Amino acid sequence: MIGNWSRTALGTARTLGTALAPRGRTAPVTYTLITLCCVLFLVSPAAGLNPVYGTGEELLAAQRAYFRRWGVIPAELFEGSPGSALTPATALFVHGSWVHLLGNMLFLYVFGAMTEERMGRFQFALFYLGCGYLALLGYAGANAHSLQSLVGASGAISAILGAFLFLFPRARVTSLLPFLFFLPLRFPAWLVLPFWAALQWMAAGRAGDGPGVAYLAHLVGFGLGFTFAWVRFGRTTRACPADQAAGKRRHLFRAGERGLVRAAARRRRESTRSVGE
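Residues numbered from 1 in each chain as written. Predicted model: local features only at pLDDT ≥ 70, side-chain atom pairs only at ≥ 80, totals over all residues. Heavy atoms only, no water.

**Quick look at the overall build of the protein**
Alright, step 1. On a plain count of helices and strands, the protein comes out with 11 helices and two strands.
Alright, step 2. In sequence order, the protein lays out its α and β elements as α-α-α-α-α-α-α-α-β-β-α-α-α.
Alright, step 3. Residue burial in the protein is summarised as follows: out of 277 residues, 44% are buried.
Alright, step 4. In the protein, 78% of the contacts between residues at least 6 apart in sequence involve partners at least 24 apart.
Alright, step 5. Accessible surface computed for the protein: about 14600 Å², of which carbon and sulfur atoms make up 64%. (Helix = DSSP H or I, 4+ residues; strand = E, 2+ residues; numbered from the N terminus. Buried < 20%, exposed > 50% of the residue type's maximum accessible area, 1.4 Å probe, protein only. Contact = heavy atoms within 4.5 Å. Areas by Shrake-Rupley, 256 points an atom, 1.4 Å probe, with all protein chains shown as cover.)

What follows is the structure, given as structure tokens:
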């Protein structure tokens, strides 16, 4: 099965369509991952741009061989082969189509930078690879007899969404909703991301064994990401730039109110003394 986020980014666009959340300033790991995935896709037969792989049936055969070489095949994963044990890691950098790639990279760009800044570069890199590996492993374990190839970074990016939900629950996410004529609306992450996860859950219940979207890998990744953030950062204060700025504005406003009240009281006292005199 090709873990195709395209249906999640388009079909599940009912939830999140295009999301634009506040991005961090410095996120070299996030931008390196995006660059690496794009470069590998462009030189692979999946892009359809390299004439070395031919056209027509020849190109399709090259694509199938490419996915089987670097993707996860559940039925082969648990046979004990060292090469198969590495495929949950290599599959994170393989994408099945242009829409698959662009959908994944959009989500990584939007949610990865702030998560990386909060976790730190090294920890974020290990988090991405580890959760992505386990998400694909979880899907393979639930479909142990499947011969379909599973590729894509969707499991790792779902883990980022789960961590983002815990770390920045009040961050505003701009969503384009098809049933509202793609009007850009801003919702907090605590509302958008659980709704997205609920849609993945419902879709996973209807998913078949054939090619399509690995919704279960999304759910496993999302759960792993949220759990990791809760365990690792649960004792620290969660905050986002918008929350901090709003808090400062409220503090200044209240201080201004107190100053105005004190000034009015002084004027009343002075006017009372003047009348008495």
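**Describing the packing of aromatic side chains**
Alright, step 1. Overall, the coordinates contain 10 aromatic pairs when judged by the stated rule.
Alright, step 2. Each ring, one from Tyr 31 and one from Tyr 109, has its centre 6.4 Å from the other, and the planes form 40°; the classification is tilted. Here the residue Tyr 31 occupies a position in helix α2 (residues 28–43), and Tyr 109 occupies one in helix α6 (residues 98–119), the gap between them amounting to 78 residues.
Alright, step 3. Residues Phe 111 and Phe 164 carry aromatic rings whose centres are separated by 4.9 Å and whose planes lie at 80° to one another, so their mutual orientation is edge-to-face. (Phe/Tyr/Trp six-rings, centres within 6.5 Å; stacked < 30°, edge-to-face > 60°.)

**Concerning the side chain of His 95**
Alright, step 1. For His 95, the position within the fold is in the loop between α5 (82–90) and α6.
Alright, step 2. Looking at His 95, the relative accessible area reads 2%, which means it is buried.
Alright, step 3. A polar side-chain atom of His 95 sits 3.0 Å from a polar atom in the side chain of Asn 104.
Alright, step 4. Ignoring anything within four residues of it in the chain, the contact list for His 95 reads Cys 37, Phe 41, Ala 46, Phe 67, His 100, Leu 101, Asn 104, Met 105, Val 151, Gly 152 and Ala 153. (Polar contact = N/O pair within 3.5 Å; in protein donor to acceptor, adjacent residues only side chain to side chain.)

**Quick notes on the nonpolar core**
Nonpolar side chains in soluble globular proteins tend to end up buried together.
Alright, step 1. If you look at the biggest cluster of nonpolar residues, it comprises 56 residues, and the most contacted ones within it are Leu 108, Phe 111, Phe 127, Tyr 128, Phe 164 and Leu 193.
Alright, step 2. Taken together, the elements giving at least two residues each to this core come down to α2, α3 (56–70), α6, α7 (121–142), α8 (154–167), α9 (189–206) and α10 (215–233).
Alright, step 3. Broken down by element, the residue count for this core peaks at 10 residues, all from α8. (Core = buried A, V, L, I, M, F, W, Y, C linked by side-chain atoms within 4.5 Å.)

**Focus: the environment of Leu 49**
Alright, step 1. Take Leu 49: it is sitting in the loop between α2 and α3.
Alright, step 2. Taking the relative accessible area as the measure of exposure, Leu 49 reaches 53% and is therefore exposed.

**Details of a nonpolar patch on the surface**
Alright, step 1. Together, Leu 36, Val 39, Leu 40, Leu 42, Val 43, Leu 49, Trp 98 and Leu 102 make up an exposed nonpolar region whose accessible area comes to about 700 Å².
Alright, step 2. It is α2 that contributes the most residues to the nonpolar patch, five residues altogether. (Patch = residues over 30% accessible without salt bridge, like charges linked within 9 Å, V, L, I, M, F, W, Y side chains within 5 Å. Salt bridge = Lys/Arg side-chain N within 4 Å of Asp/Glu carboxyl O.)

**Looking at the packing of α2 against α7**
Alright, step 1. Between α2 and α7, the shortest axis-to-axis distance is 9 Å and the interhelical angle comes to 40°. The angle between the axes of α2 and α7 places the two elements in the oblique class. Across the interface between the two elements, Pro 28, Val 29, Thr 30 and Leu 33 from α2 touch Arg 121, Phe 124, Ala 125 and Tyr 128 from α7. (Axes fitted to C-alpha atoms, helices over the stretch in contact; angles between N-to-C directions. Parallel < 35°, antiparallel > 145°, perpendicular 65-115°, else oblique.)

**Some remarks on the pattern of salt bridges**
Alright, step 1. Per the counting criterion, the structure on display carries one salt bridge.
Alright, step 2. For the salt bridge of Arg 68 with Glu 76, the shortest nitrogen-to-oxygen distance reads 3.2 Å.
Alright, step 3. What makes Glu 76 partly exposed here is its relative accessible area of 28%.

**Let's talk about α7**
For an α-helix, 3.6 residues make a turn, and residues three or four places apart therefore share a direction.
Alright, step 1. For α7, which comprises 22 residues, the first-to-last C-alpha distance of 32 Å matches the rise-based estimate of 32 Å (1.5 Å per residue) to within 8%.
Alright, step 2. Of the surrounding secondary structure, the elements contacted by the buried residues of α7 are α2, α4 (74–77), α5, α6, α8 and α10. (Expected span 1.5 Å × (residues − 1).)

**Topic: α3**
Alright, step 1. With 15 residues, α3 should reach 21 Å at 1.5 Å per residue; the first-to-last C-alpha distance of 22 Å fits that figure.
Alright, step 2. Listed as buried for α3 are Leu 59, Ala 62, Gln 63, Tyr 66 and Phe 67. The buried side chains of α3 occupy one side of the element, clustering within an arc of 130° when seen end-on. Turned more than 90 degrees away from the buried face of α3, the exposed residues are Glu 57, Glu 58 and Arg 69.
Alright, step 3. If you follow the buried residues of α3, they end up packed against α2. (Arc of directions from axis to C-beta.)

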